Amino acid sequence: MRKRLLELEVANFRSLREVTVPLKPLNVLVGPNGVGKTNVLDVFRFLCDIVNLDIRPSLDQRGGFAKTAFRGDRAPTSMRIKLTSTWSPNSRESSPDVYELTLKRRRSGGKETVSREETFQFKRTKGPGRRIKISGQKAVVATTSDGHDEGPERSIGLSAETSGLSTLPRLDEEAGGKEVLALTDALRSFRVFEMDVELARMSSRVADSRRLQDDGANLAAFLMKLQREHPETWERLVDDARTVLPHLEGIFFEFPSGPAREVIVVLHEKGLRMPTQLGDASYGTIRLLGLLALLYDPSPPLLTCIEEIDHGLHPHALELLVNRLREASERTQFLIATHSPALADRLRPDEIIVCERDEDGASRIPALDTDHIRAIVEASEDLPLGELWFSGALGGALDGGS
């Protein structure tokens, strides 16, 4: 089966005081500014940082525990993140992987300390599964059967401030290192695509083409790699670009510093006597090419997030974009934020996640479950989801709510 995240559960992280979000292959967060859409994405940035940097540096990047935790009337003393997935080799929806991280803050003598508790649970190829519990300076590995610990335990020492995400992949296979590594690899490769159009306009180094950067800075090199190494994929991408950009005849490449050093994208357009370098193209054209490059990536991470996917795009592009997202969700799971009713109009009830915020500042995500959304659509005689959302019938609108 495809590897994917089944559910995200968060407590006291930024505006996410208590949310549980079931996740499908394609998930689109809709709602006004400030309701917590970006905070959902930042949960994965935070876990990715923990894998690469460890707990304290990841908190420090966000201003410390107090600024990372929920900012309601009473400051919480703990944060919790729980992932349920099928990322490890032997997991399935009936026997998923479960990872849970709890951070607890204590203050003594004006000094703040943060402790952590972690649990990894996963299925093995044969026989009982494994559960790893981490608290203080000890990790305990136990076998599990029907959700209960059994058999001999094995203890492993580790630093009190070190996360299991950054250390336990080094465990041997019997203790579960292979399964923990699958989780950390998924989080380490996690992508939040926030395209910087000004960087994407520029030339990029030919050698810098292995992975499309999260800001699109190496767009030219990545597109050239697709053309050279995946010609059928490249032709589909160019056909899609022509569909949205009717004056486009073709996409080519030039090498201002020599073919081994830098590459730029050049557009050939009908009616123009000279080609257009990408640096002179419109904002929307560059955004479109960046998103198509992302959607046609032949080796994407397990989880891809996109901020404001519709920004700068003509509504005519949205139908094609949603179709390509569904196709690409066979290769990578998507978590996307949008403000566009026009994009939401093209979604199905199980693809939309309505986001709201309570008066006390806590996010409600999802504000409605999928069955409730389907019932509203049916009662409206199949009005498009974007229209229902913008009118307030689904909640998550500036003037509406439920």
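Residues numbered from 1 in each chain as written. Predicted model: local features only at pLDDT ≥ 70, side-chain atom pairs only at ≥ 80, totals over all residues. Heavy atoms only, no water.

## Points about the sheet that holds strand E15 (residues 303–306)
Applicable threshold: When DSSP locates at least two bridges between a pair of strands, those strands are taken to pair. For helices the rule is a DSSP run of H or I covering at least 4 residues; for strands it is a run of E covering at least 2, with both sets numbered from the N terminus onward. Between N-to-C directions, angles cover 0 to 180 degrees, with each direction set by a line fitted to C-alpha atoms, over the stretch in contact for helices. Contact criterion: two residues are considered in contact whenever any of their non-hydrogen atoms come within 4.5 Å of each other.
One open sheet holds the five strands; their spatial order is E10-E15-E16-E3-E17, and the pairing between them is parallel. With one partner strand each, in any of the chains shown, strand E10 (191–193) and strand E17 (352–354) form the two edges of the open sheet. For this sheet, the mean angle separating the axes of adjacent strands, direction not counted, is 20 degrees. Judged from the five bridges that link them, strand E3 (residues 26–30) and strand E16 (residues 333–338) form a sheet pairing that is parallel. Its bridge partner being in E16, Val30 is matched across the sheet by Thr338. Across the face of the sheet, helix H9 (residues 283–295) comes into contact with E10, E15 and E16 while running at roughly 160 degrees to E10.

## A word on the nonpolar core
Just so we agree on the cut-off: Residues belong to a common nonpolar core when they are buried Ala, Val, Leu, Ile, Met, Phe, Trp, Tyr or Cys residues joined through side-chain atoms within 4.5 Å. Relative accessibility decides the category of a residue: with a 1.4 Å probe and only protein chains considered, values under 20% of the type maximum give buried, values over 50% give exposed, and everything between is partly exposed.
In this structure, Leu219, Ile251 and Leu394 are the most contacted members of the largest nonpolar core, which totals 65 residues. Counting residues per element, this core draws most heavily on H9, which supplies eight residues. The residues contacting Ile251, other than those within four sequence positions of it, are Trp234, Leu237, Val238, Ala241, Val265, Val266, Leu267 and Leu289.

## A look at the pattern of salt bridges
How we decide: In what follows, salt bridge is the name for a side-chain nitrogen of Lys or Arg lying within 4 Å of a carboxyl oxygen of Asp or Glu.
A complete count under the given rule lists 29 salt bridges for this structure. Taking the shortest distance from any N to any O, the salt bridge between Arg17 and Asp360 comes out at 2.6 Å. Taken together, the residues Arg17 in strand E2 (residues 16–22) and Asp360 in the loop between strand E18 (356–357) and strand E19 (363–364) connect sequence positions 343 residues apart. One salt bridge in this structure joins Asp214 and Arg191, with 3.9 Å as the shortest N-O distance. Within this pair, whereas Asp214 is found in the loop between strand E11 (204–205) and helix H7 (219–229), its partner Arg191 is found in strand E10, the two being separated by 23 residues in sequence. Residue class for Asp214 comes out partly exposed when judged on its relative accessible area of 31%.

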